[in-house]
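Here is how the chains run, residue by residue.
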Amino acid sequence: MTQEELDALMNGDVDLDNLDEEVQEEQQEETQEQQEEYEDKPIDLKNSDGVYPPPATEDHQVVSQLDEVTKESEEKATEILDIMDEISNSMMDNEEHLNTVLEFLNHHKEMFEKLSETFPNIKTFSDEKSKIDETILLVNKSIENSQNASDNTMMAMDIMQFQDIHRQKIERVINIMRELLKYMNRIFEGKIDDSKRVSSAKHIHGDTTTENVVEEDDLEALIAQFAGKS
């Protein structure tokens with residue numbers, strides 16, 4: 001309302017009945033404009049890239065896909081842990097065998113040391129002792145590498161435990177989505193059976209286009225999917 005209209009109203013120069021009618025007419029015109037503007041905009045299911053959303057088929061069921069991810073991840077993680085366990089056991093067996101070889105070499109080393117002391121002029125004894133010393137160094141290095149491999153395998157198995165934490169997070173997301181679905185089903189639940197409802201028109205007066213109009217069969221299939229087992 002302008003200042004002039006306000007002054008006229010205060011001075012009693014305005015007919016309040018006519019003013020009320022004018023206000024109602026303005027509101028009706030504004031409502032009609034908004035309605036026409038809304039009707040001029042056809043329903044378009046395309047996204048910002050101009051692509052329709054994927055169909056609600058089994059391949060695109062979100063919860064089903066996430067269930068498969070958690071199941072397959074758990075199965076593969078179990079397989080990996082089993083393989084790592086076998087590797088760790090093999091490393092322990094190798095270490096045990098190398099210790100047996102090391103014990104044998106140390107025994108022969110003592111023997112050649114005594115022979116070298118008893119027969120210092122026989123060079124073969126001292127040469128054999130030197131070869132045994134070199135072999136002992138290699139065996140000790142192999143034992144050390146085996147121990148490191150076993151430690152690294154155990155560390156990897158500990159890290160793989162985080163996979164179970166990730167699985168639990170995904171399962172929590174799945175449960176939240178399922179609860180949301182149940183909540184949505186409760187909100188849209190009606191007291192009238194769908195078979196007793198009057199069928200809706202495919203095109204209503206005022207529609208400016210027939211594109212992107214959902215067919216009745218497609219709509220019923222979509223509703224059936226949302227109202228599926230929770």
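Residues numbered from 1 in each chain as written. Predicted model: local features only at pLDDT ≥ 70, side-chain atom pairs only at ≥ 80, totals over all residues. Heavy atoms only, no water.

**Q** Just checking my understanding: could you explain the packing of aromatic side chains for this structure?
**A** The relative placement of two aromatic rings is captured by the distance of their centres and the angle of their planes. Throughout the structure, instances matching the rule amount to two aromatic pairs. Note on Phe 112 and Phe 125: the rings are 6.4 Å apart at their centroids and 55 degrees apart in plane angle, and the pair reads as tilted. You can see Phe 112 sitting in helix 3 (residues 62–118) and its partner Phe 125 sitting in helix 4 (residues 123–187), a full 13 residues away along the chain. On the basis of relative accessibility, which here comes to 15%, the residue Phe 112 falls in the buried class. Seen from their ring centres, Phe 119 and Phe 125 are 6.1 Å apart, and the 55 degrees between their planes marks the pair as tilted. Members of the aromatic cluster, each reached through a chain of ring pairs, are Phe 112, Phe 119 and Phe 125. (Phe/Tyr/Trp six-rings, centres within 6.5 Å; stacked < 30°, edge-to-face > 60°. Helix = DSSP H or I, 4+ residues; strand = E, 2+ residues; numbered from the N terminus. Buried < 20%, exposed > 50% of the residue type's maximum accessible area, 1.4 Å probe, protein only.)

**Q** Is there a simple way to think about a negative patch on the surface in this case?
**A** A cluster of like negative charges, contributed by Asp 59, Asp 67, Glu 68, Glu 72, Glu 74 and Glu 75, occupies part of the molecular surface. Turning to its location among the elements, Glu 68 is positioned in helix 3. Assessed through its relative accessible area of 39%, Glu 68 is described here as partly exposed. (Patch = residues over 30% accessible without salt bridge, like charges linked within 9 Å, V, L, I, M, F, W, Y side chains within 5 Å. Areas by Shrake-Rupley, 256 points an atom, 1.4 Å probe, with all protein chains shown as cover. Salt bridge = Lys/Arg side-chain N within 4 Å of Asp/Glu carboxyl O. Lys, Arg positive; Asp, Glu negative; His and termini not counted. Charge placed at Lys NZ, Arg CZ, Asp CG, Glu CD.)

**Q** In this structure, what is going on with helix 3? I would like to understand it.
**A** At 3.6 residues per turn, the α-helix brings residues three or four places apart onto the same side. Between its first and last C-alpha, helix 3 extends 83 Å over 57 residues, near the 84 Å set by a 1.5 Å rise per residue. Among all positions of helix 3, only Val 63, Thr 70, Ala 77, Met 84, Ser 88, Met 91, Glu 95, Leu 102, Leu 105, Phe 112 and Ser 116 are buried. Looking at the packing, one finds that the buried side of helix 3 touches helix 4. (Expected span 1.5 Å × (residues − 1). Contact = heavy atoms within 4.5 Å.)

**Q** Quick question: what am I supposed to make of the pattern of salt bridges here?
**A** Applying the stated criterion across every chain yields a total of seven salt bridges. Between Lys 129 and Asp 133 there is a salt bridge, with the nearest N and O atoms lying 3.3 Å from each other. Taken together, the residues span about one helical turn, with Lys 129 and Asp 133 both in helix 4 at a distance of four residues. Notably, a salt bridge pairs Glu 179 with Lys 182, separated by 3.8 Å at the nearest N-O pair. In this pair, Glu 179 and Lys 182 both sit in helix 4, three residues apart, roughly one turn of the helix. Residue class for Lys 182 comes out partly exposed when judged on its relative accessible area of 30%. Several salt bridges share partner residues, and in doing so they unite Lys 109, Lys 129 and Asp 133 into one network.

**Q** Whenever I open this one, the nonpolar core confuses me. Can you help?
**A** Inside soluble globular proteins, nonpolar side chains tend to come together where they are buried. One finds Leu 102, Leu 105, Phe 112, Phe 125, Ile 132, Ile 136, Val 139 and Ile 143 forming the largest nonpolar core, which totals eight residues. When residues of this core are traced back to their parent elements, those giving at least two are helix 3 and helix 4. Examining the composition of this core, we find that five residues originate from one element, helix 4, more than from any other. Those residues in contact with Leu 102 that sit more than four places away from it in its chain are Ile 136, Val 139, Asn 140 and Ile 143. (Core = buried A, V, L, I, M, F, W, Y, C linked by side-chain atoms within 4.5 Å.)

**Q** I'm lost on the packing of helix 3 against helix 4 in this one. Help?
**A** Angle between the axes and distance between the axes are the two parameters that describe a pair of packed helices. In the contact formed by helix 3 and helix 4, the axes pass within 7 Å of each other and the chain directions differ by 165 degrees. Between helix 3 and helix 4, the angle is such that the two are roughly antiparallel. In the packing of helix 3 onto helix 4, the handedness of the crossing is left-handed. When its residues are assigned to classes, the contact of helix 3 with helix 4 shows 30 nonpolar, 18 polar and 12 charged. (Axes fitted to C-alpha atoms, helices over the stretch in contact; angles between N-to-C directions. Parallel < 35°, antiparallel > 145°, perpendicular 65-115°, else oblique. Left-handed = near helix turned anticlockwise from the far one by under 90°. Nonpolar A, V, L, I, M, F, W, Y, C, P; charged D, E, K, R; others polar.)

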